[in-house]
Amino acid sequence: MTQMATDTTAVDELGSRYQLSAADRCDSCGAQAYVRATMASGELLFCAHHGAKFKDKLQPDAVEWLDESAKLTAS
Ligand SMILES: [Zn+2]
């Protein structure tokens, strides 16, 4: 029987799913951004720390709230 290498495909799909990269920086402290808040006035980027800090205040008014902080625990 032929063995299929399915593991590498799963890793690639997981990596390409994220929209934020190391080039995206927190607007508050300059750390790598893991949260993107899309507001009516524009986009805000936050690290995991500041994303959690501002979430209660900003999320109700956000058009979209993208939270990729799961990357921190996944890798
Ligand atoms: Zn920050």
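Here is what the cut-offs are and how they apply
Residues numbered from 1 in each chain as written. Predicted model: local features only at pLDDT ≥ 70, side-chain atom pairs only at ≥ 80, totals over all residues. Heavy atoms only, no water. Donors = N, O, S within 2.8 Å, 3.2 Å for Na, K, Ca; no water. Tetrahedral: all angles 85-135°; square planar, octahedral: opposite > 155°, others 65-115°. Helix = DSSP H or I, 4+ residues; strand = E, 2+ residues; numbered from the N terminus. Buried < 20%, exposed > 50% of the residue type's maximum accessible area, 1.4 Å probe, protein only. Pairing = 2+ DSSP bridges. Axes fitted to C-alpha atoms, helices over the stretch in contact; angles between N-to-C directions. Contact = heavy atoms within 4.5 Å.

K.L.:
For this particular structure, what's the right way to read the coordination of the zinc ion?
P.N.:
Ideal values differ by geometry: the angle at a metal is 109.5 degrees with four tetrahedral donors, but 90 or 180 degrees with six octahedral donors. Ligation of the zinc ion by protein atoms is provided by Cys 26 (SG), Cys 29 (SG), Cys 47 (SG) and His 50 (ND1), these donors lying 2.0 to 2.4 Å from the ion. What the 4 donor atoms of the zinc ion show is an angle range of 104 to 114° at the metal, which sorts the shape as tetrahedral. Counting along the primary sequence, the residues that act as donors to the zinc ion give the motif C-x2-C-x17-C-x2-H. Of the two residues, Cys 29 is situated in the loop between α1 (7-16) and β1 (35-39) and Cys 47 in the loop between β2 (42-46) and α2 (48-58); the sequence distance between them amounts to 18 residues. The partly exposed category is assigned to Cys 29, whose relative accessible area is 44%.

K.L.:
What is the right way to read the sheet that holds β1 from this model?
P.N.:
Hydrogen bonding along the main chain pairs the strands of a sheet, whether they run parallel or antiparallel. One open sheet accounts for 3 strands, arranged β2-β1-β3; its pairing is antiparallel. Looking at the sheet topology across the chains shown, the edges are occupied by β2 and β3 (64-67). Each strand axis lies, on average, 15° off the axis of its neighbour in the sheet, ignoring direction. Bridge count for β1 against β2 is 5 bridges, and the pairing is antiparallel. What sits directly across from Val 35, in β2, is Phe 46. Along the sheet, α2 makes contact with β1, β2 and β3, crossing β2 at roughly 135°.

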